[in-house]
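Chain by chain, the residues run as shown.
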Amino acid sequence: MIRAIALTILLSAAFLSVNGQDVLVKRNGKTIEGKVTEVGIDKVLYKISKDPDGANFVIRKNELNRIEFGNGQTVFINDRFQDDKKRRRQDPDESFGRNFINFSPFKALDSGPGFGISYEAIVDKRGYFGVILPVTMVFPDSYLYTYDGNHNNSEMYYFSPGLKIYPFGQKKVTYSVGPTVFMGWGNRRSTYTNYEPTTGVYIDESDNAKRFRLGMLVNNYVNFQITQRFQISLNAGLGSRYIDRETSSFRNYSTSGMQIMGEFNFSLGLRF
């Protein structure tokens, strides 16, 4: 009698081991009963029918907390594995800083060469949009007059806030494009030829003319992220100025309407 009971128990255990249902426990606590047929790298295949030719169902591993097999074994999904996989999916450059300070040792506008400094901030979490605030000092007509004996300078200052759009996000080599509104003001050495009727002589006279400019550019940027902190960037822009005003003691000059202008810039930057 005892032997018969023991044999029955062993046979029952073997049957349950072969035919027991597997239970997939999801992270939200819900369960799925079935038969696991495959555990892959990022997904699990299972059947809800005992028919070996039945349909396979798929669930992603990151939805599961554990698998309780019918033979009593429990396998917990490794959270560290999921975190590593998530990191591999992420762009490796997302760890770069969201702020930039760029120094431009060379910057050329149609009004002349110069240098500048700018600040940029990435304003969205995915790194597709930035705001840039550049300040530039340019020496117009520097090949003629830069500084004279009367301490009259010839220079222009530009402030040109703009938006940068990164269509491919943040990469080690990154392209961006965006509009810039530029405002410029300063002095420019102006020389005029006046005719003196009493002597019949033409006399050259010079003056510091006050200048003001207003317009818009569309800039194309390429950033090369050399290290986590250091970058080199180039940008070229084309646009139009709508106001170009010059005032001096000799004459007042102002133009309006669209006048083509451009800029080119090379800069070294710190990212943090």
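## A short note on the overall build of the protein chain
Counting its secondary structure elements, the protein chain contains 2 helices and 15 strands. Counting all 272 residues of the protein chain, 37% fall into the buried class. For the protein chain, restricting intrachain contacts to residue pairs at least 6 apart in sequence, the fraction spanning at least 24 positions comes to 54%. With an accessible surface of roughly 16500 Å², the protein chain has 60% of that area assigned to carbon and sulfur atoms.

## Points about the sheet that holds strand S1 (residues 22-26)
Judged by pairing direction, the sheet is antiparallel, and its 6 strands sit side by side in the order S4-S3-S2-S1-S5-S6 without closing on themselves. Where the open sheet ends on each side, the last strands, each with one partner, are strand S4 (57-60) and strand S6 (74-76). Shown here is a sheet whose adjacent strand axes are inclined to one another by a mean of 40°, direction ignored.

## Considering the nonpolar core
Formed by Leu24, Ile32, Val36, Val44, Tyr46, Ile59, Leu64, Ile67 and Ile77, the largest nonpolar core amounts to 9 residues. When contributions to this core are tallied by element, the ones reaching two or more residues are strand S2 (31-39), strand S3 (43-47) and strand S5 (64-68). Apart from the residues lying within four places of it in its own chain, the contact partners of valine 44 are Leu24, Val36, Glu38, Val39, Phe57, Val58, Ile59, Lys61, Leu64 and Ile67. In terms of nonpolar packing, the next biggest core, distinct from the first, is built from 7 residues, Leu109, Met156, Phe182 and Met261 among them.

## Details of the pattern of salt bridges
Under the defined criterion, the tally for this structure stands at 8 salt bridges. Between glutamate 68 and arginine 66 there is a salt bridge whose closest N-O contact spans 2.9 Å. By relative accessible area, arginine 66 is classed as partly exposed at 24%. Residue arginine 241 is joined to aspartate 244 by a salt bridge in which the shortest nitrogen-to-oxygen separation is 2.9 Å. Of the two residues examined, arginine 241 and aspartate 244, each falls in the buried class. What you see here is one network of salt bridges that share partners, running through Asp110, Arg211, Arg213, Arg241, Asp244 and Glu246.

## Focus: the packing of aromatic side chains
Under the criterion given, the structure shown has 3 aromatic pairs. Each ring, one from tyrosine 46 and one from phenylalanine 57, has its centre 5.8 Å from the other, and the planes form 25°; the classification is stacked. Here tyrosine 46 is found in strand S3, whereas its partner phenylalanine 57 is found in strand S4, with 11 residues between them in sequence. Judged by centre distance (6.4 Å) and plane angle (45°), the rings of phenylalanine 115 and phenylalanine 139 are tilted. Linking phenylalanine 115 in strand S8 (residues 112-122) with phenylalanine 139 in the loop between strand S9 (129-138) and strand S10 (155-159), this pair joins segments that are 24 residues apart in sequence. Phenylalanine 139 gets classed as partly exposed once you look at its relative accessible area, which sits at 26%. One cation-aromatic arrangement involves lysine 164 over tyrosine 221; the distance from NZ or CZ to the ring centre is 4.3 Å.

## Concerning the side chain of glutamate 120
Looking at where glutamate 120 falls in the secondary structure, it is placed in strand S8. In terms of polar contacts, glutamate 120 uses its side chain to reach the side chain of lysine 164, at 3.0 Å. Engagement of the side chain of glutamate 120 in a polar contact is seen with the side chain of tyrosine 166, the distance being 2.5 Å.

## Regarding the environment of glycine 40
Following the sequence through the fold, glycine 40 ends up in the loop between S2 and S3. Measuring from C-alpha to C-alpha, the distance between glycine 40 and lysine 61 comes to 8.5 Å, with 21 residues separating the pair along the chain.

## Here's the deal with the confidence of the model for the protein chain
Predicted confidence across the protein chain gives a mean pLDDT of 81, with 78% of residues reaching 70 or more. Low pLDDT, under 50, characterises residues 4-18; the stretch is placed with 4 contacts to residues that sit more than four places away or in other chains. This model gives residues 90-94 a pLDDT under 50, and the stretch forms 5 contacts once residues within four places in sequence are excluded.

Calculation notes
- Residues numbered from 1 in each chain as written.
- Predicted model: local features only at pLDDT ≥ 70, side-chain atom pairs only at ≥ 80, totals over all residues.
- Heavy atoms only, no water.
- Helix = DSSP H or I, 4+ residues; strand = E, 2+ residues; numbered from the N terminus.
- Buried < 20%, exposed > 50% of the residue type's maximum accessible area, 1.4 Å probe, protein only.
- Contact = heavy atoms within 4.5 Å.
- Areas by Shrake-Rupley, 256 points an atom, 1.4 Å probe, with all protein chains shown as cover.
- Pairing = 2+ DSSP bridges.
- Axes fitted to C-alpha atoms, helices over the stretch in contact; angles between N-to-C directions.
- Core = buried A, V, L, I, M, F, W, Y, C linked by side-chain atoms within 4.5 Å.
- Salt bridge = Lys/Arg side-chain N within 4 Å of Asp/Glu carboxyl O.
- Phe/Tyr/Trp six-rings, centres within 6.5 Å; stacked < 30°, edge-to-face > 60°.
- Lys NZ or Arg CZ within 6 Å of the ring centre and 35° of its normal.
- Polar contact = N/O pair within 3.5 Å; in protein donor to acceptor, adjacent residues only side chain to side chain.
- pLDDT = per-residue confidence, 0-100.

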